Amino acid sequence: MTRTVLESKTKTVTIGFDEPFCVIGERINPTGRKKLAAELEAGDFSTVEKDALEQVACGAMVLDVNAGVVYNSNPNPNETEPPLMRKVIEVVQGLVDVPLCIDSSVPGALEAGLEMAEGRPLLNSVTGEEDRLELVLPLVKKYNVPVVAISNDDTGISEDPDVRFAVAKKIVERAADFGIPAHDIVVDPLVMPVGAMATAGQQVFALVRRLRDELGVNTTCGASNISFGLPNRHGINAAFLPMAIGAGMTSAIMNPIRPVEMEAVNAANFLMNHDPNGGKWINFARVLEATKAGTPFAEAAKAGAAAGGGRGGRRGGRRRSA
């Protein structure tokens with residue numbers, strides 16, 4: 001079975017076909033969040049701190065960290081993003097002990113994050129674009145980390161799932177040329193909005209099966225993309241996630257502070273026999289009961305974890321090679 005191992009200083013999270021679905025918290029990302037972007041530009045990390053603690057309390061096993069702020073004083077991300085990435089990672093690691101997903105389109109910010117992160121983070125991301133492959137894959141090899149491979153290339157994002165599969169295969173093959181094994185490639189087959197493409201969900205489910213069966217790789221996605229532009233987005237996301245898990249998807253970058261989506265993930269883990277004896281499901285049911293009584297979800301989830309519903313194993317941290 002394919003297993004992609006991520007580590008913080010003391011925690012290990014394994015993404016795998018026979019593992020519980022890996023929830024990667026998406027909220028430490030200023031894209032589309034003007035308030036957070038303004039705070040980061042001003043050197044204010046209060047929302048980052050709140051988001052880190054809240055996401056982990058609600059069940060995030062990994063935290064995505066993006067520092068893509070466009071500075072008014074200096075709009076050059078090659079200069080501004082690397083030091084900000086270092087600072088955000090420092091803040092997050094000082095508060096929570098889960099593996100990180102270092103998220104940037106700027107190679108310098110990716111390397112700054114790799115230098116700062118403890119353990120073995122996930123790098124987000126590489127695409128099938130030639131210049132991106134040549135910039136990012138050497139970093140993946142140098143730091144011995146897994147990487148998210150996004151199924152688009154120099155021609156853009158194809159609506160044809162066969163083309164997106166071919167791009168993923170190309171990335172896996174090019175990674176092998178650098179000595180990077182397939183188990184360290186986590187493919188994002190790209191989720192299209194179902195409101196714009198009626199077959200978007202069906203395409204992703206079919207792609208995930210092919211990626212698992214033919215390439216033997218783990219998969220991820222930006223789960224909320226499926227509901228973009230539609231009302232009651234969390235309801236659509238909550239339906240999409242178990243269907244994706246049933247098709248073989250092993251992780252997603254998603255919002256863990258939404259109870260309906262976390263309920264769907266926990267139920268799917270139980271139904272897929274990734275929750276022995278239903279212990280985590282029973283604990284989560286207690287959390288939901290507490291929220292119905294008026295306790296905020298993050299607070300109820302944190303109390304539930306303290307009572308025995310925590311996630312992720314512990315062992316001594318393993319420093320990657322550099």
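Notes on the structure follow. (Residues numbered from 1 in each chain as written. Predicted model: local features only at pLDDT ≥ 70, side-chain atom pairs only at ≥ 80, totals over all residues. Heavy atoms only, no water.)

### Brief notes about empty space enclosed by the protein
- Across all of its chains, the model carries 2 cavities of 30 Å³ or more by this definition.
- Taken as a whole, the largest cavity encloses approximately 80 Å³ of empty space.
- Looking at the largest cavity, the residues that line it are Gly16, Phe17, Glu19, Pro20, Phe21, Arg212, Ile245, Gly248, Met249, Thr250, Met272 and His274.
- Residues of the lining of the largest cavity, tallied by class, amount to 6 nonpolar, 4 polar and 2 charged. (1 Å grid on protein atoms, 1.4 Å probe; cavity = no way out; pocket = protein on both sides within 12 Å on 5 of 7 lines; lining within 4 Å. Points joined across faces, edges and corners; volume = space filled by probe spheres on them. Nonpolar A, V, L, I, M, F, W, Y, C, P; charged D, E, K, R; others polar.)

### Some words on the packing of helix H6 (residues 161–177) against helix H7 (residues 200–215)
- At a closest axis distance of 10 Å, the pairing of H6 and H7 adopts a crossing angle of 35 degrees. Handedness of the crossing formed by H6 with H7: right-handed. When H6 is examined against H7, the residues Pro161, Asp162, Arg164, Phe165, Ala168, Lys169 and Val172 are found in contact with a partner set consisting of Gln203, Leu207, Arg210, Leu211, Glu214 and Leu215.
- A breakdown of the residues in the contact of H6 with H7 according to their chemical character gives 7 nonpolar, 1 polar and 5 charged. (Axes fitted to C-alpha atoms, helices over the stretch in contact; angles between N-to-C directions. Helix = DSSP H or I, 4+ residues; strand = E, 2+ residues; numbered from the N terminus. Left-handed = near helix turned anticlockwise from the far one by under 90°. Contact = heavy atoms within 4.5 Å.)

### Concerning the layout of surface pockets
- The space that makes up the largest pocket amounts to roughly 1000 Å³.
- Residue lining of the largest pocket: 42 residues in total, with Glu26, Asn29, Thr31, Asp103 and Asn225 positioned closest to the centre.
- Taken together, the elements giving at least two residues each to the lining of the largest pocket come down to strand S3 (22–28), strand S4 (62–66), helix H3 (77–93), strand S6 (122–127), strand S7 (147–150) and helix H8 (233–247).
- Partitioned by chemical class, the residues of the lining of the largest pocket number 11 nonpolar, 19 polar and 12 charged.

### Thoughts on H8
- With 15 residues, H8 ought to run about 21 Å at 1.5 Å a step, and its terminal C-alpha atoms sit 21 Å apart, in line with that.
- The complete set of buried residues in H8 reads Asn237, Ala238, Phe240, Leu241, Ala244, Ile245 and Ala247.
- Against the buried residues of H8 lie H7, strand S10 (251–254) and helix H9 (259–271).
- A positive phi of about 120 degrees marks glycine 248, the residue just after H8. (Expected span 1.5 Å × (residues − 1). Buried < 20%, exposed > 50% of the residue type's maximum accessible area, 1.4 Å probe, protein only.)

### Describing the nonpolar core
- Residues Val48, Leu63, Val88, Val92, Leu123 and Ile185 are the most contacted members of the largest nonpolar core, which totals 49 residues.
- In contact with valine 48, not counting residues within four places along its chain, are Ile28, Leu36, Leu40, Val88, Val91 and Val92.
- Ranked by size, the runner-up nonpolar core spans 32 residues in total, among them Met197, Ala244, Ala247 and Phe297. (Core = buried A, V, L, I, M, F, W, Y, C linked by side-chain atoms within 4.5 Å.)

### Focus: the sheet that holds S4
- Across the sheet, which stays open at both edges, the 8 strands sit in the order S9-S8-S7-S6-S5-S4-S3-S10 with parallel pairing between neighbours. Whereas interior strands pair on both sides, the edge strands pair on one side only; in this sheet they are strand S9 (218–219) and S10.
- Bridging between S3 and S10 involves 4 bridges; their strand directions are parallel. For valine 23, the partnering residue across the bridge sits in S10 and is alanine 252. (Pairing = 2+ DSSP bridges.)

### Focus: the packing of H3 against helix H4 (residues 107–116)
- Here H3 crosses H4 at 30 degrees, and the two axes come no closer than 8 Å. By the angle class used here, H3 and H4 are roughly parallel. The element H3 and its partner H4 pack so that their crossing is right-handed. Facing H3, whose interface residues are Glu81, Pro82, Met85, Arg86, Ile89, Glu90 and Gln93, H4 presents Gly108, Ala109, Ala112, Gly113, Glu115 and Met116.
- The class makeup of the residues in the contact of H3 with H4 is 6 nonpolar, 3 polar and 4 charged. (Parallel < 35°, antiparallel > 145°, perpendicular 65-115°, else oblique.)

### Remarks on the side chain of aspartate 275
- Tracing the sequence through the fold places aspartate 275 in the loop between H9 and helix H10 (279–292).
- Lysine 280 provides the closest opposite charge to the buried, salt-bridge-free aspartate 275, at an N-O distance of 6.3 Å.
- What aspartate 275 contacts, discounting residues up to four positions off in sequence, is Asn269, Phe270, Lys280 and Trp281. (Lys, Arg positive; Asp, Glu negative; His and termini not counted. Salt bridge = Lys/Arg side-chain N within 4 Å of Asp/Glu carboxyl O.)

### Comments concerning helix H5 (residues 130–143)
- Its 14 residues give H5 an end-to-end C-alpha distance of 21 Å, which sits within 8% of 20 Å, the value for a rise of 1.5 Å per residue.
- Looking at H5, one finds that the buried residues are Arg132, Leu133, Val136, Leu137, Leu139, Val140 and Tyr143.
- Phi turns positive, to about 55 degrees, at asparagine 144, one or two residues after H5.

### Topic: unusual backbone geometry
- Between asparagine 124 and serine 125 the backbone carries a cis peptide bond, its omega angle lying at 25 degrees.
- For asparagine 144, which is not glycine, the phi dihedral falls at a positive 55 degrees.
- Here asparagine 144 lies in the loop between H5 and S7.
- The partly exposed category is assigned to asparagine 144, whose relative accessible area is 35%.
- Positive phi values are uncommon outside glycine, yet leucine 190 reaches one of about 75 degrees.
- Note that leucine 190 resides in the loop between strand S8 (185–188) and H7.
- Classification of leucine 190 as buried rests on a relative accessible area of 13%.

Limitation: the analysis is restricted to geometry and does not speak to function.
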